[in-house]
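In case you want the letters, here they are:
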Amino acid sequence: MPIRTASARWQGNLTEGSGTIRTGKGGLEGAYSFKSRFEEGEGTNPEELIGAAHAGCFSMAFSKALADAGHTATSVETTAKVHLDKTDAGMTVTRIDLDTVGEVPGIDEAEFQKLAEAAKAGCPISRLLSPGADISLTARLSA
């Protein structure tokens, strides 16, 4: 398997400096700053990128689980809300709330929920993050 890379450059001090985050193949690039990370400033931040990675990984894992069970999804759309909280150990990602909506013809609610939970448990990014962060999942079939 290939090794994935990303890079970041920071200039200046913590509160007044700024930086750029890039993925290795150039698919994503964004500016980040103290304000974009700890306040409501413009730009991205590491927690958003973790959320994007988790949402993307889960959506792919869920689509595979559905197809393996004989239910090809028309679409799976996932949002990840990453909670960065101050703890005794310092700033910590404590929780990630996954919210997914699947358009899956012919599946019943019980099987949809079972496969969603299995995908959450099996997604490589969930496995990476779950020892330290609580991961919740809300899964809905689209109307």
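An unreviewed UniProt entry lists the chain under the name OsmC family protein, with Plantactinospora sonchi as the source organism.

1. A look at the packing of aromatic side chains
Within a pair of aromatic rings, the relevant descriptors are the distance that separates the centres and the angle that separates the planes. Going through the model one piece at a time under the given rule, you end up with 4 aromatic pairs. Put simply, the rings of Phe58, Phe62 and Phe112 touch in pairs and so form one group of aromatic residues.

2. Topic: the side chain of Thr78
Tracing the chain through its elements places Thr78 in strand β4 (residues 75–87). One polar contact links Thr78 to Ser59, side chain to side chain, over a distance of 2.8 Å. Among the polar contacts listed, one links the side chain of Thr78 to the side chain of Thr100, at a separation of 2.8 Å. Not counting residues up to four positions away in its chain, the partners in contact with Thr78 are Ala55, Phe58, Ser59, Leu98, Asp99 and Thr100.

3. Some details on helix α2 (residues 46–68)
End to end, α2 covers 33 Å across 23 residues, agreeing with the expected 33 Å (1.5 Å per residue, within 8%). Buried within α2 we find Glu47, Gly51, His54, Ala55, Cys57, Phe58, Ser59, Phe62, Ala65 and Leu66. Measuring from the side-chain oxygen of the N-cap residue of α2 to the backbone nitrogen of Glu47 gives 3.1 Å; that N-cap residue is Asn45. At the C-terminal side of α2, Gly70 shows a positive phi close to 90°.

4. Observations concerning the sheet that holds strand β3 (residues 29–33)
The strands that make up a sheet are held in pairs by hydrogen bonds between backbone atoms, and each pair lies either parallel or antiparallel. Read from one edge of the open sheet, 3 strands run β1-β2-β3, paired in antiparallel fashion. Of all the strands in the sheet, just β1 (6–11) and β3 have a single pairing partner and so form its edges. This sheet shows a mean twist of 20° between the axes of neighbouring strands, independent of strand direction. As judged from the 6 bridges shared by β1 and strand β2 (residues 18–23), these two strands associate in the antiparallel manner. For Arg9, the partnering residue across the bridge sits in β2 and is Thr20.

Conventions adopted
Residues numbered from 1 in each chain as written. Predicted model: local features only at pLDDT ≥ 70, side-chain atom pairs only at ≥ 80, totals over all residues. Heavy atoms only, no water. Phe/Tyr/Trp six-rings, centres within 6.5 Å; stacked < 30°, edge-to-face > 60°. Helix = DSSP H or I, 4+ residues; strand = E, 2+ residues; numbered from the N terminus. Polar contact = N/O pair within 3.5 Å; in protein donor to acceptor, adjacent residues only side chain to side chain. Contact = heavy atoms within 4.5 Å. Expected span 1.5 Å × (residues − 1). Buried < 20%, exposed > 50% of the residue type's maximum accessible area, 1.4 Å probe, protein only. Pairing = 2+ DSSP bridges. Axes fitted to C-alpha atoms, helices over the stretch in contact; angles between N-to-C directions.

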